[in-house]
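Per-entry structural report
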Amino acid sequence: MAITVDMMKKVPVREQAPKERAANFEEVCLGYNEEEARAESERCLNCKNPMCVEGCPVSINIPAFIAKVKTGDDAEAYRIISESSALPAVCGRVCPQETQCEGKCIRGIRGEAVSIGKLERYVADRAKELNIKPEPVAKNGHKVAVIGAGPSGLTCAGDLARLGYEVTIFEALHKAGGVLVYGIPEFRLPKEKVVAREIENVENLGVKIETDVVVGRSVTIEELMEKEGYEAVFVGSGAGLPRFMGIPGEQALGVFSANEYLTRSNLMHAYREDSRTPIYRAKRAVVVGGGNVAMDAARTALRLGAETHIVYRRSEEELPARKEEVGHAKEEGIIFNLLTNPVEITTDPETGWVNGITCIRMQLGEPDASGRRRPEAIEGSEFHVDCDCVIMALGTSPNPLLHKTTDGMEVNKKGGIIVNEDEMTTKEGVFAGGDAVTGAATVILAMGAGKQAAKSIDAYLSAKN
Amino acid sequence: MFEILEKELIGPKEYKMVVRAPRVAAKALPGQFLIVRADAEGERIPLTVCDDDKEAGTVTIVFQTVGAETYRMSELAVGEAFADVVGPLGNPSDLIDRPIEELQKMKIIFIAGGVGTAPVYHQLKWLHEHGVDADCIQGARNKDLLIMIDEMRAVCGNLYLATDDGSEGFHGNGSQCLAKLYEDGKRYDHCVIIGPMIMMKFTAMQCEKLGLPCVVSMNTVMVDGTGMCGACRLLVGGEVKFACVDGPEFDGSKVDYDQAMLRGRLYKTEEGRLLLKEQEGATHEGGCGVCK
Ligand SMILES: Cc1cc2nc3c(=O)[nH]c(=O)nc-3n(C[C@H](O)[C@H](O)[C@H](O)COP(=O)(O)OP(=O)(O)OC[C@H]3O[C@@H](n4cnc5c(N)ncnc54)[C@H](O)[C@@H]3O)c2cc1C
Ligand SMILES: Cc1cc2nc3c(=O)[nH]c(=O)nc-3n(C[C@H](O)[C@H](O)[C@H](O)COP(=O)(O)OP(=O)(O)OC[C@H]3O[C@@H](n4cnc5c(N)ncnc54)[C@H](O)[C@@H]3O)c2cc1C
Ligand code: SF4
Ligand code: SF4
Ligand code: FES
């Protein structure tokens, strides 16, 4: 049965029903099937001057790959995407498309943008079915070390391997993937089906991944370069250090950083019955923050059985999370308390366990330095919410360990590693990119930085040798 | 990968293992810890490095079976391997940053409680190899729980044994033993206390009374051990610190122990405690410091 396409609207994507999915960890969005993808691809105007490409941080040739979907040549579509992106199955799922590619799509002016992300996801998932694998390349005899197996490190390593470098990734955790494995939940980004496979692709290019190595502790950057023969190093160590608010009661039992909560659930599989890692299954959870991390923590708490509230100090418009996730969270029954800020966490004096959170109402004042209107407390508007769990999702900053243990690698005031236009740090031969440089950002930006660094490392080593 | 080369039961429920972990061994310094996982679905369990052999690429760990995961670890046999060993983590003891001449002039006393003997051993051994012989009080509930006595004796100045029930050495705990030494005219100018939190709390109070500066090693709940999760946070001098990256050693007079002990209970489930009681039978004595 052919699908009738309304040219003003996206072909709707199939999803698990909200009620059902609120009780499981299976992927929420089921993606397009072949027929739906072909139908959606018809909506692309194959623009001469494609604005969508400008919106994509890695400049995927969007009209070209969509044209191949139109003709049914998914393998070629995959090849076109692969020229620019190493993680299409991931980006198709987690990019904030509404502010990037789709935000610029010409179709969006009068109707809905082309569903570029869903098409990208479709192509990447098809490539798996077609079993398309990258070809290994002859080695050029030069060694590069990559620190961190998140999107930036994986991309940089993959690109360097394609150029013939012998690349080893050193990863602190017991599993590669960075935020893709420890932060973003299964119901948004399946670990085996998507993440593990993208990592396998990188390994198929000949990249070695050594887990359980905390660079700065297990080995230093200097030692990698001087003793282990790595001629250049890429630092993609992310921004994993959690922030707390500094309000009374934050040390109480039942108060977690989103990182701890999500790491237990994702990396350690605590959401599964057969996991040996404990996680607190709350009755009523309050999640503080409004970004992707807050949405993920809230939706995890919900799935673990809690009535879940989000407390965010600005209004809906400013919520930094992907639009799709906010929509999904609402459908699933997460309660949003906007223009609200916590002032104190209250504790049961007998057990030391959190028993509530006192919040204050906010209003938006004049725009601040970031251009967003500054939230101000409305005096006397405090109110109390009973809860047995508080999850802090206030953003993260780069871990200072590498900076502290590497002479000559400077960081800025916020802890981000300083790099020049070639992604080289202030230490010769050491490059950096992704969240470690910018602070918490997005998968695609981290990937873009990894790509750029791979080019720069190649140029640097070619000039040197 | 991380093969177990030796395994020995050295107390009622204390195991010592020598494990191949070349990267950890190469860099480990006294005071640091590592994280092990028994198998692919294992929890990440922090343990202090108790000894290292840099040439052989091995580390020694000593652990007590207190819950499900340490039990699982104790089931591993020689020839089998841990899924993961990562480290060394945390900061080395600040003693090793001091000039040797200064250390040689200092009068240092270690106070080890129970399985805390293992981490103390690493520090004493390092000092001994650098020509510094520190004294040590080794305390336990009874004489069966005094582990590694011969090894300890070989690397310290005076070794004072203390048992709560008087079955060996001084009749009383480590903190009381220290008070007795002071009564007898002994004086020290630096103290390192490692053991269960409750023991560190009272011993640090004793030190304060005696005007003796002390350092404690905080064994909080941890997940990643790299500063990423905040599970290990504690209050030191009113400030939030992460035990895994800011510690594990802190000024003993500044730690909020009550808060830390409370947080240590976080994932202690009722079932876990019951299981433990059942498995341990008569030997159950609340090794975790939670149930008495
Ligand atoms: C819960 C959550 C949800 C998110 N949702 C989205 C989303 O929907 N869309 C989106 O675009 N972005 C999202 N992001 C942001 C995105 O995941 C990050 O911007 C991106 O992963 C950054 O990539 P990276 O490679 O720089 O670092 P990371 O992914 O953080 O990877 C860094 C890796 O380096 C390792 N490492 C750190 N220090 C060392 C060391 N000393 N030695 C060895 N290894 C080390 C870490 O263990 C980690 O594996 C989300 C983030 C979180 C936390
Ligand atoms: C830096 C550091 C060094 C340590 N060194 C040693 C050592 O050398 N030898 C040794 O026997 N033990 C040591 N411990 C304590 C050891 O990690 C715990 O005994 C162990 O995690 C208990 O795990 P379990 O699953 O068997 O117990 P369970 O009680 O089932 O544990 C459940 C959860 O609680 C946590 N937990 C329970 N008790 C403790 C505790 N006392 N400390 C920290 N986390 C706990 C565990 O991580 C786990 O997540 C150290 C802890 C830290 C933080
Ligand atoms: S990578 Fe992200 S921004 Fe680029 S086309 Fe794909 S979904 Fe859009
Ligand atoms: S801007 Fe929109 S319509 Fe034009 S090429 Fe890009 S996706 Fe197609
Ligand atoms: S153990 Fe996670 S921050 Fe210390």
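Residues and elements named next belong to chain A. Where strand β12 (residues 340-347) and strand β13 (residues 354-367) come together, seven bridges link them in antiparallel fashion. When the sheet's bridge partners are listed, T347 is paired in β13 with V354. Taking the residues between adjacent antiparallel strands as the criterion, β12 and β13 are bridged by six residues, where G352 takes a positive phi near 75°.

Considering all chains together, one arrives at nine aromatic pairs over all chains under this definition. With a centroid separation of 6.4 Å and 90° between ring planes, the pair formed by F244 of chain A and F242 of chain B is classed as edge-to-face. One end of the pair, F244 of chain A, is in the loop between β7 (241-242) and β8 (255-257); the other, F242 of chain B, is in strand β16 (residues 239-242), on a second chain. A ring pair is formed by Y182 of chain B and Y188 of chain B, whose centres lie 6.5 Å apart and whose planes are at 40°; its orientation type is tilted. Overall, the relative accessible area of 9% leaves Y182 of chain B in the buried class. Three or more aromatic residues joined by ring pairs make a cluster, and in this case those are F25, F187 and Y271 of chain A.

Here the focus is the site of ligand 1. All names here are of chain A. Contacts to ligand 1 come from 35 residues, most closely from V94, S152, E171, R188 and D435. In the environment of ligand 1, an oxygen atom lies 3.5 Å from a nitrogen or oxygen atom belonging to the backbone of G178. Take V215: an N or O atom from its main chain is 2.9 Å from a nitrogen atom of ligand 1. In isolation ligand 1 exposes 1,000 Å². Once the protein is present, 94% of that is buried. Looking at the shell around ligand 1, the elements with two or more residues in it are α9 (151-162), α14 (292-303) and α18 (443-464). The element best represented in the shell around ligand 1 is α14, accounting for three residues. Here the residues of the shell around ligand 1 sort into 19 nonpolar, eleven polar and five charged.

Attention shifts here to the sheet that holds β8 of chain A. Residue and element names in this part refer to chain A. Spatial strand order, β8-β16-β9-β10-β11: five strands in an open sheet with parallel pairing. Two strands lie at the open edges of the sheet, namely β8 and β11 (335-337), each paired on one side alone. Neighbouring strand axes in the sheet, compared pairwise and without regard to direction, differ in orientation by 20° on average. Contacts between α14 and the sheet are confined to β9 (284-288), β10 (307-311), β11 and β16 (389-392), with β10 contributing the most and set at about 165° to the helix.

Moving on to the sheet that holds strand β6 (residues 58-64) of chain B. All names here are of chain B. Spatially, β5-β6-β2-β1-β7 is the arrangement adopted by the five strands of the open sheet, whose pairing is antiparallel. The strands lining the two open edges of the sheet, one partner per strand, are β5 (51-53) and β7 (81-82). Pairing of strand β1 (residues 2-9) with β7, which is carried by two bridges, proceeds in the antiparallel orientation. In the strand pairing of β7, E3 is matched with A81.

The next thing to look at is the interface of chain A and chain B. Of the residues lining the interface, 43 residues belong to chain A; the matching set on chain B comes to 42 residues. In total, about 3,500 Å² of surface goes out of reach between chain A and chain B, with carbon and sulfur atoms giving 51% of it. Considering only the side of chain A, the residues that lose the most area to chain B are R217, Q251 and R276 of chain A, jointly responsible for 25% of the buried surface there. At the junction of chain A with chain B, the criterion picks out six salt bridges. In this structure, the salt-bridge partner of E223 of chain A is K27 of chain B, at a minimum N-O distance of 2.9 Å. Connecting chain A to chain B are 17 residue pairs in polar contact (both at pLDDT 80 or more). At the level of secondary structure, the elements contributing two or more residues to the side of chain A that touches chain B comprise β7, β8 and α13 (258-265) of chain A.

The next thing to look at is the domain arrangement of chain B. Residue and element names in this part refer to chain B. Split into domains, chain B comes out as domain 1 (2-89), domain 2 (94-217) and domain 3 (221-248 + 256-292). Each of domain 1 and domain 2 was reduced to a C-alpha centroid, and the two centroids are 24 Å apart. Between domain 1 and domain 2, a total of about 1,300 Å² is buried, with carbon and sulfur atoms accounting for 68% of that surface. The interface formed by domain 1 and domain 2 includes two salt bridges. Residues K125 and D51 are paired through a salt bridge, measuring 2.7 Å at the closest nitrogen-oxygen approach. Put simply, domain 1 and domain 2 have four residue pairs in polar contact (both at pLDDT 80 or more) between them. Secondary structure elements with two or more residues in the side of domain 1 that touches domain 2: β2 (14-20), β5 and β6.

This part is about the packing of α13 of chain A against α14 of chain A. The angle between the axes and the distance between the axes are what describe a pair of packed helices. Residue and element names in this part refer to chain A. Where α13 contacts α14, the axes come no closer than 10 Å and their chain directions differ by 55°. Compared by their axis directions, α13 and α14 come out oblique. Crossing geometry of α13 relative to α14 is assigned as left-handed. Across the interface between the two elements, A258, Y261, L262 and S265 from α13 touch V293, D296, A297, T300 and A301 from α14. Its residues assigned to classes, the contact of α13 with α14 shows six nonpolar, two polar and one charged.

The rules behind these values
Residues numbered from 1 in each chain as written. Chains lettered and ligands numbered in written order. Predicted model: local features only at pLDDT ≥ 70, side-chain atom pairs only at ≥ 80, totals over all residues. Heavy atoms only, no water. Pairing = 2+ DSSP bridges. Helix = DSSP H or I, 4+ residues; strand = E, 2+ residues; numbered from the N terminus. Phe/Tyr/Trp six-rings, centres within 6.5 Å; stacked < 30°, edge-to-face > 60°. Buried < 20%, exposed > 50% of the residue type's maximum accessible area, 1.4 Å probe, protein only. Near = heavy atom within 4 Å. Polar contact = N/O pair within 3.5 Å; in protein donor to acceptor, adjacent residues only side chain to side chain. Areas by Shrake-Rupley, 256 points an atom, 1.4 Å probe, with all protein chains shown as cover. Nonpolar A, V, L, I, M, F, W, Y, C, P; charged D, E, K, R; others polar. Axes fitted to C-alpha atoms, helices over the stretch in contact; angles between N-to-C directions. Contact = heavy atoms within 4.5 Å. Buried area = accessible area lost by both parts, 1.4 Å probe. Salt bridge = Lys/Arg side-chain N within 4 Å of Asp/Glu carboxyl O. Domains from an automatic or database assignment. Parallel < 35°, antiparallel > 145°, perpendicular 65-115°, else oblique. Left-handed = near helix turned anticlockwise from the far one by under 90°.

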